[in-house]
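Notes for the structure review
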Amino acid sequence: MIELGLGRISRLLKHTPQTWRAIHVAGTNGKGTICAYLSAMLCASGVRVGRFTSPHLIDRWDGITINDQTVQESVFRRAEDLVMNRNHKDGIGATEFELLTATAFEVFAQEKIEMGVIEVGLGGRLDSTNTMEHKVVTVISKIGLDHQSFLGNTIEEIAREKAGIMRPGVPCVLDESNPPVVRKVVEDYAKEIGTDVILSSTESAFLDGLSEEDFEPHQWQNLACAYTAFHLAYTKPASPLHRLLPAIQNLRWPGRLQTLDVRSVTGRREVVLLDGAHNVQSAEVLGSYVDNRLRKEASKVTWVLAASKGKELEGILKPLLHPGDCVAAVKFVPVDRMPWVEAMAPQDILAAASACGLDTTQLRDADNNLSDALRWAVTVADGGPLVIAGSLYLVSNVLRLLRDAEQLKSQLLG
């Protein structure tokens, strides 16, 4: 279950040295991508960098990286065993996310990183990642309505929770595309604790070296946030632009507007689009991308959708679905060490799709059979656009299915 608070994690980390400096990233959307950009920039600049993002995609340890490489499983398990023993011996009763956070910080201590790029798990003020000792920059990305039962029912309340990662004297980079009401909350809190808010800017020599046309608008804003934060955190005299540009150009962030070859599990030759959009704001971004890039030459889009229980489904589906589209709904499998995450029933997703004007003959309840959902979608798409979306946990299931298919293929050929 989710229990926000810093008491248990502080006890878990009591014997874990935090010698590294940290960039802490909060927000509703874009924070994982900002972390990926920051990690790539720091790594390209010769900084030994650790990154912790959540949720994991396939394996529990793949949200922890050292110099942009997933931590070795053996290193992760050693650190995890240490943390689990400490939790048991001291009777701490830590939550799963607190144990994972402590494991990441233990890995960073063992790997002797110089800088950590840490994504908030949920909210900010009471999130277990907010126990970092040496923050040099905080970042607040685009804020919208999500997780209201934990963070508040208004955007102002949610912004205040996110602003809780800020520290006196530590500059905070705020995504300048946030609405004025968010900016006011963050700036008021900054004055209260004694720090500065710096709005992200797309005006820089670094961004001038990239083509804005190669990025979606939200990606460009995320990159502006990341570079503004990097510029504050990287204090060496020379800013190595010639190394930064290739690092960004070569970056691929799984599950965010990712094109995917699913031939090994469906036989389809055309790529599909995989995106973890799971709230209204990210669905609007995905819907705009699909409308501008995929619908121009197609009369319909076929979707494979899943969602977590409690999500505002009507708001998520409205920008995605058009009359004439086809939808297969599926349940993602239980998430490793995250028992509080529950999949929404496919019939509930299909009822919401029907309410968006879709013909019931173009809907498929695949229950928990992802392979069935994909095969049906490939058949009805008939080479046309196919999009998999609605949950990062569905993204995880798809990537694992493809990995297992590739491993099986290797075994058979080997």
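In this convention, every chain numbers its residues from 1, walking through the sequence in written order. Residues qualify for local features only when their pLDDT is at least 70, as the model is predicted, and side-chain atom pairs are given and counted only at 80 or more; totals for whole chains, interfaces and linings, by contrast, use all residues. Side-chain numbers come from the whole structure's heavy atoms, not from hydrogens or water.

Observations regarding the overall build of the chain
The line we're drawing: In this text, helices come from DSSP runs of H or I with a minimum length of four residues, and strands from runs of E with a minimum of two, each type numbered from the N-terminal end. As defined in this context, the radius of gyration uses C-alpha atoms, and a globule is described by 2.2 Å times the residue total to the power 0.38. Relative accessibility thresholds used throughout: buried, under 20% of the residue-type maximum; exposed, over 50%; partly exposed, between the two (1.4 Å probe, protein chains only). We call two residues in contact when some of their heavy atoms are within 4.5 Å. The Shrake-Rupley method, run with a 1.4 Å probe, gives the accessible areas here. Residue values count only the displayed protein chains as cover.
Helices and strands together make up the secondary structure of the chain, namely 16 helices and 14 strands. Since a compact globule built from 414 residues should have a radius of gyration of about 22 Å, the 21 Å found for the chain is in line with a globular shape. For the chain, the spread of C-alpha atoms along the three principal axes comes to 60 × 50 × 45 Å. Per-residue burial over the chain gives 56% buried out of 414 residues. The long-range share in the chain, meaning contacts at least 24 apart out of those at least 6 apart in sequence, stands at 75%. As displayed, the chain offers around 18,000 Å² of accessible surface, 49% of which is attributable to carbon and sulfur atoms.

Regarding the pairing of strand β11 (residues 302-305)
Convention followed: Pairing between strands is defined by DSSP: at least two bridges between them are needed.
Residue alternation in β11 divides its side chains into two sets, Thr302 and Val304 and Trp303 and Leu305, and both sets are buried. Both β11 and strand β12 (residues 326-329) contribute to a ladder of 4 bridges, which runs parallel. Among the inter-strand pairings, Trp303 is bridged to a residue of β12, identified as Val327. As defined by bridge partners, β11 adjoins strand β14 (residues 386-389) across 4 bridges and the pair is classed as parallel. Bridging across to β14, Thr302 finds its partner in Leu386.

Thoughts on the sheet that holds β14
Note on sheets: strands pair through backbone hydrogen bonds, and any given pair is parallel or antiparallel. For clarity, the threshold we go by: A fitted line through C-alpha atoms serves as each axis, taken over the contacting stretch for helices, and the angle formed by two N-to-C directions is quoted from 0 to 180°.
Pairing is mixed across the open sheet formed by 6 strands, whose spatial order is β9-β10-β14-β11-β12-β13. The sheet is open, and its two borders are formed by β9 (258-260) and β13 (363-365), each paired with just one other strand. Between one strand axis and the next, the sheet turns by 20° as a mean value, whatever way the strands run. Lying over the sheet, helix α14 (residues 346-355) contacts β11, β12 and β13, oriented at roughly 170° with respect to β13.

Considerations on the packing of helix α2 (residues 31-44) against helix α10 (residues 241-249)
Pairs of packed helices are described in terms of their axes, by the angle between the two and the distance that separates them. Defined as follows: Orientation categories follow fixed angle ranges, with anything under 35 degrees roughly parallel, anything over 145 roughly antiparallel, 65 to 115 roughly perpendicular, and all other angles oblique. Handedness of a crossing follows from how the near helix is turned relative to the far one, being left-handed for an anticlockwise turn of less than a right angle and right-handed for a clockwise one. Under the convention adopted here, Pro, Cys and the residues Ala, Val, Leu, Ile, Met, Phe, Trp and Tyr are nonpolar, Asp, Glu, Lys and Arg are charged, and Gly plus all remaining residues are polar.
Their axes nearest at 9 Å, the elements α2 and α10 cross at an angle of 140°. In terms of orientation, α2 and α10 fall into the oblique class. The two elements α2 and α10 meet at a crossing, and its hand is right-handed. Along the contact surface, α2 presents Tyr37, Ala40, Met41 and Ala44, while α10 presents Arg243, Leu244, Ala247 and Ile248. A class-by-class count of the residues in the contact of α2 with α10 yields 7 nonpolar, no polar and 1 charged.

Quick notes on empty space enclosed by the protein
What counts here: A 1.4 Å probe that fits but cannot get out identifies a cavity on a 1 Å grid over protein atoms alone, an open set with protein on both sides within 12 Å along at least five of seven lines counts as a pocket, and a residue lines either if it has an atom within 4 Å of a point. Grid points are joined across faces, edges and corners, and a volume is the space filled by probe spheres set on the points.
All chains considered together, the criterion is met by 1 cavity of 30 Å³ or more. Here the largest cavity defines a volume of roughly 50 Å³. Leu305, Ala306, Ala307, Leu313, Ile316, Leu317, Ile349 and Gly390 are the residues that line the largest cavity. It is helix α13 (residues 313-317) that provides the largest number of residues to the lining of the largest cavity, a total of 3 residues. Considered class by class, the residues forming the lining of the largest cavity number 7 nonpolar, 1 polar and no charged.

Brief notes about the environment of Ala373
Looking at the secondary structure, you find Ala373 in helix α15 (residues 370-381). Owing to a relative accessible area of 0%, Ala373 belongs among the buried residues under this scheme. Along the primary structure Ala373 and Lys331 are separated by 42 residues, whereas in three dimensions their C-alpha atoms are 10.0 Å apart. Non-local contacts of Ala373, meaning those with residues more than four positions away in its chain, are made with Val304, Ala328, Val330 and Ala366.

Points about the side chain of Ser45
The test is simple: The term polar contact refers here to a pair of N or O atoms within 3.5 Å; inside protein, the definition further demands a hydrogen-donor-capable atom paired with an acceptor-capable atom, and it admits residues adjacent in sequence only when both atoms are side-chain atoms.
Here Ser45 shows up in the loop between α2 and β2 (49-52). We classify Ser45 as buried; its relative accessible area is 6%. A polar side-chain atom of Ser45 sits 2.7 Å from the main-chain carbonyl oxygen of Met41. In this view, Ser45 contacts Phe230, Tyr234, Pro240, Arg243 and Leu244; residues no more than four positions away in its chain are not counted.

Describing the layout of surface pockets
The volume enclosed by the second largest pocket comes to roughly 360 Å³. Every residue lining the second largest pocket is counted, 20 residues in all, and those nearest its centre are Arg51, Leu57, Asp62, Trp253 and Pro254. Grouping the amino acids of the lining of the second largest pocket by side-chain chemistry returns 8 nonpolar, 6 polar and 6 charged.

A few points about the nonpolar core
Soluble globular proteins tend to pack their nonpolar side chains together in the buried interior. The criterion, for reference: Residues belong to a common nonpolar core when they are buried Ala, Val, Leu, Ile, Met, Phe, Trp, Tyr or Cys residues joined through side-chain atoms within 4.5 Å.
If you look at the biggest cluster of nonpolar residues, it comprises 35 residues, and the most contacted ones within it are Ile23, Leu38, Met41, Val139, Phe206, Leu210 and Leu223. Secondary structure elements with two or more residues in this core: β1 (21-26), α2, β5 (115-119), β6 (135-140), α8 (205-208), α9 (217-233) and α10. No other element matches α9, which puts 9 residues into this core. The contacts of Val139, once residues within four sequence positions are left out, are Ile23, His24, Val25, Ala26, Ile34, Ile165, Val173, Cys225 and Ala229. Within the second largest apolar cluster, 32 residues are counted, among which are Val262, Ala306, Val330 and Leu399.

Quick look at the sheet that holds β5
In space, the 8 strands of this open sheet follow the order β4-β3-β2-β5-β1-β6-β7-β8, with mixed pairing throughout. The outermost strands of the open sheet, each flanked by one partner alone, are β4 (69-70) and β8 (197-199). Here 4 bridges tie β2 to β5, and the two strands are oriented parallel to one another. Directly across from Arg51, in β5, lies its bridge partner Val117. Contacting β2, β3 (64-66) and β5, helix α4 (residues 96-110) crosses the sheet at an angle of about 175° to β2. Here α9 sits on the sheet and contacts β1, β5, β6, β7 (172-174) and β8; the angle it forms with β6, its principal contact strand, is near 165°.

Distances and angles like these do not, on their own, reveal function.
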